[in-house]
Amino acid sequence: MRKFFRIPTSGLKRRWIRSSFLVILVSLLVVTAAISVFIAANYYAAVRTGLETKAKTATDFFANYVAKSYGEYYDSAYRYTESFEDADRLELQFMDAEGRVMMSTFGISAGSSSTPDVTEAIQSREISSWVGRMPSTGERVMSVSAPMIYSDRVVGVMRYITSLDAVDAQVLFNVLAVCALGAVIMLLVIFINLVFIRSVIEPVTEITKMTGRIAQGSYGIQIDKDYHDEIGEMVDSINEMSLKIAQSEKIQTEFISSVSHELRTPLTAITGWGETLIYNENLDGETKKGIAIILKEARRLTKMVEELLEFTRMEDGRFTLNIELIDIVAELEDSIFTYRELLRQDELELIYEPYMDEIPLIPGDPSRLKQVFLNLFDNAAKYGREGKRIEVTVSLDTSYVIICIRDFGPGVPADELDNVKMKFYKGSNAKDRGSGIGLAVCDEIIRFHGGTLTLENAEGGGLLVTVRLPVSSSV
């Protein structure tokens, strides 16, 4: 039950609850207020009508049967007051034409009443009522004043006064009952809304999660179809889309793998003959320059083919690691030594700050990790050429070895940072005609090692690549 009454806090659920609750709550408040006003008005109207009827009957009786002359008014009023049967719940007063109290069931009193009903009854010659607090006691009362008319002149006023404490309490009780009913209705509406959300919105949330997995590359997965309405139709469409994407990905991977294998043989031949010809002393300088260009392009294409083959192995599950305990710092320094001279030729300085404390051996595939380092150096050289230098640092925390490679180029536009590791993605700052999967391959290799590869724009410019490799085995 607790789960049903947990109010959703985000997204479509919150909008649904907020919009429906607002309309229903306002409607209930308006209806509750209207009913409360109606109840209060009815109660007070009933009391007033009763007093007015009583006053009308009494004054008519006085005029027709009791007082035969003006002089008999006071004697009759005295006798009527003495024999008044409702003295336990009503106060009966007789007043003269000036509004002075001559007799009362609370005792003979002299004085005047300043409440509006007395004055209005004398002036208008009609029964008048008033609700308010008694000036003398502060008690909330209702009074009804009826003029006593003899020989076409007002000779006095008969006045009934009743306390409203009991009526106010009854009105309050009924208003609270109406509010309680409104609260019950509101809780029922909340329950119905949450049941509806549970049966409709939550399946949509689950579908959203599954489509997110598909968007992240889990092509071919199927969503369970539990409904046969519009939601079921949406599930069918998403499942069909997932299968078609999976088929398309499979065809793409097979095509890449096939083409890559077909390209390896001619590229090997081109590279081999190019290296043979370039050392032929009988060739002139212009021809050797052309052969050097052929070799450079052949090597670039060979690298692309190797990346594509690596990628297809990862895609179809044939990618493997040869894990052993390695000195990660030694592997990094070998890669730096290998690449530093090439960077120097391009007028780039590679600055390496060794970690002074001892770093333990970690589980890893040395050839694969060296492939990652060389690829990251290559990217830093291509995209950070303007900065003239690349910085490499190594550090250690409790669970990870952290390797940072930073260039001082233009960096990556903020809206492209999340995409640069995606396969075949080329940013707006792309400097070459590569395959666009180098970083994707690096990311997969690090992920297979149980680590992470992150890219961010460094403070002051340039791109910072951070590789985190676990100290203990997680693969």
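Further up the page is the structure itself.
Residues numbered from 1 in each chain as written. Predicted model: local features only at pLDDT ≥ 70, side-chain atom pairs only at ≥ 80, totals over all residues. Heavy atoms only, no water.

Novice: Explain the side chain of Thr 115 to me, please; I cannot follow it from the model alone.
Specialist: With respect to the element layout, Thr 115 can be found in the loop between β3 (111-112) and α3 (116-124). What makes Thr 115 buried here is its relative accessible area of 3%. Engagement of the side chain of Thr 115 in a polar contact is seen with the side chain of Arg 159, the distance being 2.7 Å. Those residues in contact with Thr 115 that lie beyond four places of it in its chain are Trp 130, Pro 135 and Arg 159. (Helix = DSSP H or I, 4+ residues; strand = E, 2+ residues; numbered from the N terminus. Buried < 20%, exposed > 50% of the residue type's maximum accessible area, 1.4 Å probe, protein only. Polar contact = N/O pair within 3.5 Å; in protein donor to acceptor, adjacent residues only side chain to side chain. Contact = heavy atoms within 4.5 Å.)

Novice: Sorry if this is basic, but what is going on with a nonpolar patch on the surface here?
Specialist: Side chains of Leu 22, Val 26 and Val 30 sit close together on the surface and give an oily, nonpolar patch of about 280 Å² of accessible area. By secondary structure assignment, the location of Val 26 is in helix α1 (residues 11-66). (Patch = residues over 30% accessible without salt bridge, like charges linked within 9 Å, V, L, I, M, F, W, Y side chains within 5 Å. Areas by Shrake-Rupley, 256 points an atom, 1.4 Å probe, with all protein chains shown as cover. Salt bridge = Lys/Arg side-chain N within 4 Å of Asp/Glu carboxyl O.)

Novice: Mind showing me how you'd approach unusual backbone geometry here?
Specialist: Most peptide bonds take the trans form, and the phi angle of most residues other than glycine is negative. Notably, Arg 125 is not glycine yet its phi reads approximately 60 degrees, a positive angle. Positionally, Arg 125 belongs in the loop between α3 and β4 (128-133). With relative accessibility at 35%, the residue Arg 125 sits in the partly exposed group.

Novice: Please clarify how the side chain of Ser 335 should be interpreted in this entry.
Specialist: Note on placement: Ser 335 falls in helix α7 (residues 328-345). Of the polar contacts made by the side chain of Ser 335, one reaches the backbone oxygen of Glu 331; its length is 3.1 Å. Among all residues touching Ser 335, those that are not within four sequence positions of it are Lys 370, Phe 373, Leu 374 and Phe 377.

Novice: Explain the pattern of salt bridges here, please?
Specialist: For side chains bearing opposite charge, pairing can occur when the charged atoms are close. Within the structure shown, the criterion is met by 12 salt bridges. The partner of Asp 168 in a salt bridge is Arg 140, and the shortest N-O contact between them spans 2.8 Å. Pair noted here: Asp 168 is in helix α4 (residues 165-215) and Arg 140 is in strand β5 (residues 140-150), with a separation of 28 residues, a long-range link. Judged by relative accessible area, Arg 140 falls into the partly exposed class, the value being 22%. The partner of Glu 391 in a salt bridge is Arg 389, with the nearest N and O atoms 3.5 Å apart. Three or more residues are tied together by salt bridges with common partners; here these are Lys 54, Asp 86 and Arg 89.

Novice: Whenever I open this one, the nonpolar core confuses me. Can you help?
Specialist: In summary, soluble globular proteins display a tendency toward joint burial of nonpolar side chains. Ranked by internal contacts, the top residues of the largest apolar core, which has 40 residues, are Ile 328, Leu 332, Val 392 and Ile 403. Those elements that place two or more of their residues in this core are α7, β8 (349-353), α8 (366-383), β10 (389-396), β11 (400-407), α9 (438-448), β12 (452-457) and β13 (463-470). No other element matches the 7 residues that α8 contributes to this core. Sequence-distant contacts of Val 392, that is, excluding residues within four places in its chain, are made with Leu 332, Ile 336, Leu 350, Ile 351, Tyr 352, Glu 353, Phe 377, Cys 404 and Ile 405. In this structure, Phe 84, Met 158, Tyr 160 and Val 167 belong to the second largest nonpolar core, which totals 24 residues. (Core = buried A, V, L, I, M, F, W, Y, C linked by side-chain atoms within 4.5 Å.)

Novice: Help me understand the packing of aromatic side chains in this model?
Specialist: For any pair of aromatic rings, the description consists of the separation of the ring centres together with the inter-plane angle of the planes. Going through the model one piece at a time under the given rule, you end up with 4 aromatic pairs. Their ring planes at 90 degrees and their centres at 6.3 Å tell us that Tyr 80 and Phe 94 sit as a pair that is edge-to-face. Here the residue Tyr 80 occupies a position in helix α2 (residues 72-82), and Phe 94 occupies one in strand β1 (residues 91-96), the gap between them amounting to 14 residues. Plain terms: the ring middles of Phe 84 and Tyr 160 are 5.9 Å apart, the flat faces sit at 40 degrees to each other, and that makes the pair tilted. With Phe 84 in the loop between α2 and β1 and Tyr 160 in strand β6 (residues 153-163), the pair connects residues that are 76 residues apart, well separated along the chain. Of the residues examined, Phe 84 reaches a relative accessible area of 11% and is grouped as buried. These aromatic residues form a ring-pair network of at least three members: Tyr 80, Phe 84, Phe 94 and Tyr 160. Note that Arg 468 overlies the ring of Tyr 400, its terminal NZ or CZ placed 4.7 Å from the centroid. (Phe/Tyr/Trp six-rings, centres within 6.5 Å; stacked < 30°, edge-to-face > 60°. Lys NZ or Arg CZ within 6 Å of the ring centre and 35° of its normal.)

Novice: In this structure, what is going on with the sheet that holds β11? I would like to understand it.
Specialist: Two strands in a sheet stick together by hydrogen bonds in their backbones, pointing the same way (parallel) or opposite ways (antiparallel). Taken in spatial order, the 5 strands line up as β8-β10-β11-β13-β12 in an open sheet, and their pairing is mixed. Two strands lie at the open edges of the sheet, namely β8 and β12, each paired on one side alone. The sheet shows a mean angle of 15 degrees between the axes of neighbouring strands, direction not considered. Two strands pair when backbone bridges link them, and β8 and β10 are joined in this way by 5 bridges, in the parallel orientation. Within β10, the residue paired with Glu 353 across the bridge is Thr 393. (Pairing = 2+ DSSP bridges. Axes fitted to C-alpha atoms, helices over the stretch in contact; angles between N-to-C directions.)

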